[in-house]
Amino acid sequence: MKPNKTKDENTNTDNTGIMKERSFASCLSASFNLYCSNFATIFKHTWLPSLVLALTMSAGTLLTAAPLSVTVTAALGVCVVAAMTIIGAWFDASYMSLFNGMTRRQTTKRALCVRVLDIGCVLVSGLLILGVMLAIFAIALSIKTLKTRIAFIAVAEIPATVVTLIIIIVVCIPLVYSFMSYLADPTTTPRQIFTSRYRRGWHNWGYLFAVTALTALVMAVVVFVLSAPSLVLSAALGANHTGMLLGDPDGIPSNFLLFYYVSNAIVLFVFNYTMIWTFLTVFHAYGSIECKTESKKKELAHTDNI
């Protein structure tokens, strides 16, 4: 089923069969079928932003391998993250606008907003985990004996961190729906992401968790396969750095970093297209929840009329 082309070559969600009740497993298969049947159109609209994004992301991986100072690496890292956020929104809009019924400009603004909110959620989550760890250390400092202090940290740190991560995951699962609602529905406002849309996502927490878990499992396998070349090159680079610290001569060829950069860019270019399938999977889950919600409203209205 091909997307119905308009002036901006986008399509309404109803015309793509998104708004239909599905099981969480059906969301994965339906998104895969939609992706495969429209791959030529998707690739035509996405190859350039995907390439630019891959080159930018690869530059970020290069920072960990380049012999730079901590200050320079941190400054360049911030610049790379900012560039990835902007270019990533461009890439997101290049394929999302084919399915969400909005223009590419509208979708770009919304995709940029979601990416910024994603970064904010990651930072807040990181601060929460850091706060828990600091609290444990603060409690440990109140313990007088060093042996008991060390034992307390060893026993409490991992469980506390795991519990915090579980709480973060539980709280963030409804955002899968509310973020997608903002990307798919032009009437959804940024405020509704954390209010009415979040509440609807919370009411469908189990369904969203199942879709997210299955998608993450598939993506974990894909990432493992795609990252194999980068892992081999990173291991070679790490072994060389370790040898140099022990006094061995530098055994890496002069063009190794260029090869490392290009190989990572190729892998990330392919990886970007797996993320499109992820978007379509969540999009189908969103459509299923919307359809269920509308069905419940109709049933309630019918019951009231009787």
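Because the structure is a prediction, the values reported are computed rather than measured.

### Focus: the packing of aromatic side chains
Here is step 1 of the chain: A complete count under the given rule lists 13 aromatic pairs for this structure.
Here is step 2 of the chain: Between Tyr95 and Phe279, the ring centres sit 5.3 Å apart and the planes meet at 70°, which makes this aromatic pair edge-to-face. One end of the pair, Tyr95, is in helix H3 (residues 70-96); the other, Phe279, is in helix H10 (residues 256-305), with 184 residues separating them in the sequence.
Here is step 3 of the chain: For Tyr95, a relative accessible area of 3% gives the class buried.
Here is step 4 of the chain: A relative accessible area of 6% places Phe279 in the buried class.
Here is step 5 of the chain: Ring pairs connect the aromatic residues Phe91, Tyr95, Tyr177, Phe279, Phe283 and Tyr286, which therefore count as one cluster.
Here is step 6 of the chain: One residue, Arg110, lies across the ring of Tyr182, its end atom 4.3 Å from the ring centre.
Here is step 7 of the chain: The cationic tip of Lys292 hangs over the ring face of Tyr207; the distance from NZ or CZ to the ring centre is 4.0 Å.

### Focus on the layout of surface pockets
Here is step 1 of the chain: In this structure, the largest pocket spans a volume of roughly 1,400 Å³.
Here is step 2 of the chain: Listing elements by their share of the lining of the largest pocket, those giving two or more residues are helix H2 (39-63), H3, helix H4 (104-141), helix H5 (146-184), helix H8 (205-226) and H10.
Here is step 3 of the chain: Counting residues per element, the lining of the largest pocket draws most heavily on H5, which supplies ten residues.
Here is step 4 of the chain: Here the residues of the lining of the largest pocket sort into 29 nonpolar, six polar and three charged.

### Thoughts on the nonpolar core
Here is step 1 of the chain: Of all hydrophobic cores here, the largest spans 43 residues; its most connected members are Ile276 and Phe283.
Here is step 2 of the chain: The set of elements that each furnish at least two residues to this core consists of helix H1 (24-37), H2, H3, H4, H5, H8 and H10.
Here is step 3 of the chain: Among the elements that take part in this core, H10 stands out by supplying eleven residues, more than any other.
Here is step 4 of the chain: Ignoring anything within four residues of it in the chain, the contact list for Ile276 reads Tyr35, Ile42, Thr46, Phe91 and Tyr95.
Here is step 5 of the chain: By size, the runner-up hydrophobic cluster in this structure holds five residues, among which are Ala65, Leu233, Leu237 and Phe256.

### Some details on the pattern of salt bridges
Here is step 1 of the chain: With the rule as written, the count across this model stands at five salt bridges.
Here is step 2 of the chain: Taking the shortest distance from any N to any O, the salt bridge between Lys297 and Glu294 comes out at 3.9 Å. Linking Lys297 with Glu294, this pair stays in helix H10, spanning three residues, or about one helical turn.
Here is step 3 of the chain: On the basis of relative accessibility, which here comes to 40%, the residue Glu294 falls in the partly exposed class.
Here is step 4 of the chain: Through salt bridges with shared partners, one network takes in Asp185, Arg197, Arg200 and Glu290.

### Details of the state of the cysteines
Here is step 1 of the chain: In this structure the tally under the stated criterion is zero disulfides.
Here is step 2 of the chain: Of all cysteine sulfurs in the structure, the one in Cys121 sits closest to Cys172, which takes part in no disulfide; the separation is 5.5 Å.
Here is step 3 of the chain: Summary of cysteine pairing: Cys291 is not part of a disulfide, and the nearest cysteine sulfur, belonging to Cys27, is at 11 Å.

### Concerning H4
Here is step 1 of the chain: For H4, spanning 38 residues, the distance from its first C-alpha to its last is 55 Å, which sits close to the expected 56 Å at 1.5 Å a residue.
Here is step 2 of the chain: Of all the residues in H4, the buried ones are Thr107, Arg110, Ala111, Val114, Ser125, Ile129, Ile136 and Ala140.
Here is step 3 of the chain: In this structure, the buried side of H4 is in contact with H3 and H5.

### So, the packing of H5 against helix H7 (residues 196-203)
Think of two packed helices as two axes; the pair is described by the angle between the axes and how far apart they sit.
Here is step 1 of the chain: It is the contact of H5 with H7, at a shortest axis distance of 8 Å, that shows an interaxial angle of 120°. Relative to H7, the element H5 is oriented oblique. Helix-helix and strand crossings are classified by hand; for H5 and H7 the assignment is right-handed. Of the residues in H7, those touching H5 at Val170, Val171, Pro174, Leu175, Tyr177, Ser178 and Ser181 are Arg197, Tyr198, Arg200, Gly201 and Trp202.

Conventions and cut-offs
- The numbers attached to residues start from 1 for each chain and follow its sequence in the written order.
- Where totals are concerned, whole chains, interfaces and linings use all residues; where local detail is concerned, this predicted model gives features only for residues with pLDDT of at least 70, and gives and counts side-chain atom pairs only at 80 or more.
- Hydrogens are left out, water is left out, and the side-chain values use all remaining heavy atoms of the structure.
- Each Phe, Tyr or Trp ring, with Trp reduced to its six-membered ring, pairs with another whose centre is within 6.5 Å; inter-plane angles below 30 degrees give stacked pairs, above 60 give edge-to-face pairs, and intermediate values give tilted ones.
- For helices the rule is a DSSP run of H or I covering at least 4 residues; for strands it is a run of E covering at least 2, with both sets numbered from the N terminus onward.
- Relative accessibility under 20% of the residue-type maximum defines a buried residue, over 50% an exposed one, and the middle range a partly exposed one, all with a 1.4 Å probe and only protein chains included.
- By definition, being over a ring means that NZ of Lys or CZ of Arg is both within 6 Å of the ring centre and within 35 degrees of the ring normal.
- In this analysis, the protein atoms alone were mapped onto a 1 Å grid. Cavities are point sets where a 1.4 Å probe fits without being able to get out; pockets are open sets with protein on both sides within 12 Å along at least five of seven lines; lining residues have an atom within 4 Å of a point.
- Grid points are joined across faces, edges and corners, and a volume is the space filled by probe spheres set on the points.
- Following the grouping adopted for this structure description, the nonpolar residues are Ala, Val, Leu, Ile, Met, Phe, Trp, Tyr, Cys and Pro, the charged ones are Asp, Glu, Lys and Arg, and the polar ones are all others, Gly among them.
- In this description, a nonpolar core means a group of buried Ala, Val, Leu, Ile, Met, Phe, Trp, Tyr and Cys residues linked to one another through side-chain atoms lying within 4.5 Å.
- We call two residues contacting when some pair of their heavy atoms lies within 4.5 Å.
- Counted as salt bridges are all cases of a side-chain nitrogen of Lys or Arg within 4 Å of a carboxyl oxygen of Asp or Glu.
- When two cysteine sulfur atoms lie within 2.5 Å, the pair is treated as a disulfide.
- Between the first and last residue of a helix there are one fewer steps than residues, each counted as 1.5 Å, and that sum is the expected span.
- Lines fitted to C-alpha atoms define the axes here, with helix axes fitted over just the stretch in contact, and angles between the N-to-C directions of these axes take values from 0 to 180 degrees.
- Our angle categories are set so that under 35 degrees counts as roughly parallel, over 145 as roughly antiparallel, 65 to 115 as roughly perpendicular, and the remainder as oblique.
- Each crossing gets its handedness from the near helix: less than a right angle anticlockwise from the far helix is left-handed, clockwise is right-handed.

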